[in-house]
Amino acid sequence: MNDPLPRTILLVDTERYSDRDDVQQAFLRRMLYDVVDRTLLAAGIDQTLRLRADRGDAIMEMIDPSAPLTTLLRALMTEVPAQLRAVNRLAASSAQIRLRAVLATGYVAVDEFDGWVGTDLNHACRLLDGEPLKEALRERTDDYALCVSESVYAGIVRHNHTGIPADEFTAVTMPSKNGPLGAWLYGPLPTGVPAPEPEGDSGAGTAGTGGATAAPVPVSQINGGQFGGVNHGIAGGTFHGDIQLGGGDRR
């Protein structure tokens, strides 16, 4: 097996693929390839910058990290819905294509059988199969649901790059056989999926107290300076005598 390399991971899956007959499935596969190829080209990603794995009703793309992630995410947010509208307006009702997509980053290795190996890839697959993403697509009228991994949100989305409004992404928890995984859903939460807690409200200090506020942390004053709670060092001055931080042992 080769060494793991950093990659951008794109997974796209077709809804209700197995409910169609063979002719319809063949048509859906052609449309899936066409939509993904057009979207990647719109993002400036040609075949020299990506590897593809065919999963029948789904496509896995492993993309070179030199391709700008912001450009790819903008294309996923705008180009995929546009392509789906163009395809579905001409397709029979039995051949309508609806897609779920996951964008993630991480380390992936390619083994001697051309298989892809990596925990980050496994997590992306769990997000694609997560019930919140499936439920979001079932409730959408635009035939598309997209979520990004926590690494993509932290590195790209939360910075509000042009064309990527962070307030249109909502945190969700995807149950999986490996435990709950965090992700960020683009667009409104589906019905029945709990809204995230307000930022900074973790519920700490309230368990078993009926919601009572935790006792304040002791504060020590040293020659005019105060220290309390968790501290990670003192800098910028000279201190004499005993130093006590947050009620702990004297130093």
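What comes next is a walk through the structure.

Calculation notes
Residues numbered from 1 in each chain as written. Predicted model: local features only at pLDDT ≥ 70, side-chain atom pairs only at ≥ 80, totals over all residues. Heavy atoms only, no water. 1 Å grid on protein atoms, 1.4 Å probe; cavity = no way out; pocket = protein on both sides within 12 Å on 5 of 7 lines; lining within 4 Å. Points joined across faces, edges and corners; volume = space filled by probe spheres on them. Helix = DSSP H or I, 4+ residues; strand = E, 2+ residues; numbered from the N terminus. Nonpolar A, V, L, I, M, F, W, Y, C, P; charged D, E, K, R; others polar. Contact = heavy atoms within 4.5 Å. Polar contact = N/O pair within 3.5 Å; in protein donor to acceptor, adjacent residues only side chain to side chain. Buried < 20%, exposed > 50% of the residue type's maximum accessible area, 1.4 Å probe, protein only. Arc of directions from axis to C-beta. Core = buried A, V, L, I, M, F, W, Y, C linked by side-chain atoms within 4.5 Å. Pairing = 2+ DSSP bridges.

### Observations regarding empty space enclosed by the protein
Line of reasoning, step 1. Counted according to the given criterion, the structure contains one cavity of 30 Å³ or more.
Line of reasoning, step 2. Each pocket or cavity is described by its volume, and for the largest cavity that value is around 60 Å³.
Line of reasoning, step 3. Lining the largest cavity, in full, are L10, V12, V35, V36, T39, L40, L76, V80, L99, A101 and Y144.
Line of reasoning, step 4. The greatest single-element share of the lining of the largest cavity, amounting to four residues, is contributed by helix 1 (residues 22-42).
Line of reasoning, step 5. Taken together, the residues that form the lining of the largest cavity break down as 10 nonpolar, one polar and no charged.

### A word on the environment of D143
Line of reasoning, step 1. Positionally, D143 belongs in the loop between helix 4 (131-139) and strand 6 (144-149).
Line of reasoning, step 2. With 59 residues separating them in the primary sequence, D143 and L84 have C-alpha atoms 7.1 Å apart.
Line of reasoning, step 3. When neighbours within four sequence positions are excluded, D143 is seen to be in contact with L84, N88, I97, R98, L99 and L137.
Line of reasoning, step 4. A polar contact is formed between the side chain of D143 and the side chain of N88, at a distance of 3.0 Å.
Line of reasoning, step 5. A polar contact of 2.7 Å, which involves the side chain of D143, links it to the side chain of R98.

### With respect to unusual backbone geometry
Line of reasoning, step 1. Here R16, not a glycine, exhibits a phi torsion of approximately 55°, which is positive.
Line of reasoning, step 2. Within the secondary structure layout, R16 lies in the loop between strand 1 (5-14) and helix 1.
Line of reasoning, step 3. A positive phi angle is found at D114, which is not glycine, with a value near 65°.
Line of reasoning, step 4. Exposure remark for D114: the relative accessible area of 63% places this residue in the exposed category.

### Let's talk about helix 4
Line of reasoning, step 1. Turning to helix 4, its buried residues are P132, L133, A136 and L137. The buried side chains of helix 4 occupy one side of the element, clustering within an arc of 135° when seen end-on.
Line of reasoning, step 2. The inward-facing, buried residues of helix 4 contact strand 4 (99-110), helix 3 (119-128), strand 6, strand 7 (169-174) and strand 8 (181-186).

### Let's talk about helix 3
Line of reasoning, step 1. Residues L121, A124, L127 and L128 constitute the buried set of helix 3. Take helix 3 and look down its axis: the buried residues cluster within an arc of 115°, on one side only.

### Section: the environment of Y33
Line of reasoning, step 1. Here Y33 shows up in helix 1.
Line of reasoning, step 2. Take Y33: its relative accessible area is 25%, and that puts it in the partly exposed class.
Line of reasoning, step 3. Through-space distance from the C-alpha of Y33 to that of I59 is 8.0 Å; in sequence the pair is 26 residues apart.
Line of reasoning, step 4. Filtering out sequence-adjacent residues up to four positions away, Y33 remains in contact with R52, D54 and I59.

### Some thoughts on the nonpolar core
Line of reasoning, step 1. The biggest cluster of nonpolar side chains holds 39 residues, and the ones touching the most others in it are L72, L73, V148, V157 and F169.
Line of reasoning, step 2. Breaking this core down by element, the ones donating at least two residues are strand 1, helix 1, strand 3 (58-63), helix 2 (69-88), strand 4, strand 6, helix 5 (150-155) and strand 8.
Line of reasoning, step 3. Considering every element that reaches this core, the biggest residue donor is helix 2, with nine residues.
Line of reasoning, step 4. Grouped together as the second largest cluster of nonpolar side chains are 25 residues, M60, L133, C147 and L185 included.

### Quick look at the pairing of strand 4
Line of reasoning, step 1. Of all 12 residues in strand 4, 10 are buried, a share of seventy percent or more.
Line of reasoning, step 2. Judged from the 10 bridges that link them, strand 1 and strand 4 form a sheet pairing that is antiparallel. The residue of strand 4 that forms the bridge with I9 is A104.
Line of reasoning, step 3. Examined bridge by bridge, strand 4 and strand 6 share five bridges and lie parallel to one another. For L103, the partnering residue across the bridge sits in strand 6 and is V148.
Line of reasoning, step 4. Inspection of the sheet shows strand 4 paired to strand 5 (residues 116-117) by two bridges, in the antiparallel sense. Paired with A109 across the strands is V117, a residue of strand 5.
Line of reasoning, step 5. Hairpin connection, strand 4 to strand 5: the antiparallel pair is bridged by five residues, and D114 has positive phi, about 65°.

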